[in-house]
Amino acid sequence: MTDESGFQLQGSAPGRYEQFAAPIMAPFIEAVLDTVDLFPGAQVLDLACGTGFVARAAAARVGPTGHVCAADINEGMLRIAAAKAPRMYPDIEFTQAPADSLPFEEAVFDVVLCQQGAQFFPDLDAALKEVARVLRPGGRIALTAWAPKERSPYFDAQYRVIEEYGTPEEAASLRQAFSCTADRLAAAFLAAGLRDGTVHLVTRNVVTPPLNDWVPGQMSAIPWTRSLQEAGPKALARASRTLCDLLVNHKAPDGTATFPFTTLLATATR
Ligand SMILES: C[S@@+](CC[C@H](N)C(=O)[O-])C[C@H]1O[C@@H](n2cnc3c(N)ncnc32)[C@H](O)[C@@H]1O
């Protein structure tokens, strides 16, 4: 694992990511698959697959005549992904690899998908060059990267909490997670030799489980609360309570909450 790669969860955190990130990620998965018209029989790479949300959905779409490979740099994420993958034919194939050095032959994939990974790559240009190398001519990439946090009230409030309770480095690292711009992505596509690049904003409403239960779990499944987790359960609980307080206006009588989340959705063709 390179030190510069972002969003590195350790220990039992990948298991919590699978549980607590699901509500946020779920509404965007279909948007990513639809934008490349994922078809039965396609050969697909889910890059920065994490615990495998996109890989599982892609495998269902490409069916028995297609195949999904999934790569991530983080061993713990891959362990959960492999455990959660449905047994099907052909199985999803999980590989530990950095985005800028993929262990695949040239021109083997019809589609590369990358949900909320690109903003964490230490070298986005090198990663997209690797994507271009492994895509067949005419193959397509679709990636998402969160829009500025001000467009997603949950993230905006979470940033304020990390700024107050976390270290300055954690707050700076969280800011970086929202720093990918349409211009940066378009330039990286061009530099990689990918054509017909498009970038647009996609907003989806996310309905969370009861906020008082879900927020502490979600807070324990992001890398920017590591110092709080190391300080002990009381520190994380206090920060989580503050976040719940900031979000109280979004709460329904049953304790659930609904928030808009906005991402950049970028596509290009080899
Ligand atoms: C926010 S998670 C997204 C995971 C997954 N795509 C999803 O939809 O839930 C970001 C992922 O990017 C991975 N990542 C970060 N830097 C990477 C790199 N250089 N190469 C490959 N994966 C990387 C992390 O390990 C993490 O699993």
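Residues numbered from 1 in each chain as written. Predicted model: local features only at pLDDT ≥ 70, side-chain atom pairs only at ≥ 80, totals over all residues.

Enquirer: Account for the overall build of the protein chain, with residues named and values stated.
Expert: Along the backbone of the protein chain there are 11 helices and seven strands. Against the compact-globule benchmark of 18 Å for 270 residues, the protein chain has a radius of gyration of 18 Å, which places it among compact chains. When the backbone C-alpha atoms are referred to their principal axes, the protein chain occupies close to 50 × 40 × 35 Å. When each of the 270 residues of the protein chain is scored for burial, the buried share is 44%. Intrachain contacts of the protein chain at a sequence separation of at least 6 include 78% that bridge at least 24 residues. (Helix = DSSP H or I, 4+ residues; strand = E, 2+ residues; numbered from the N terminus. Rg over C-alpha atoms; globule rule 2.2 N^0.38 Å. Buried ≥ 20, exposed ≤ 12 C-beta atoms within 10 Å, placed from the backbone. Contact = placed C-beta atoms within 7 Å.)

Enquirer: How would you explain the pairing of strand S7 (residues 257–269) if you had to name every residue and give the values?
Expert: Pairing between strand S5 (residues 135–146) and S7: seven bridges, direction antiparallel. Residue pairing in the sheet places Ile141 in a bridge with Ala268 of S7. Across 12 bridges, the pairing between strand S6 (residues 195–208) and S7 is antiparallel. Bridge pairing in S7 places Thr203 opposite Thr262. (Pairing = 2+ DSSP bridges.)

Enquirer: Go over the site of the ligand with me, naming the residues and quoting the values.
Expert: In the region of the ligand, 23 residues are neighbours, and Ser5, Ala48, Gly50, Asn74 and Gln115 sit closest. Tallied by class, residues from the shell around the ligand come to 14 nonpolar, eight polar and one charged. (Near = placed C-beta within 6 Å. Nonpolar A, V, L, I, M, F, W, Y, C, P; charged D, E, K, R; others polar.)

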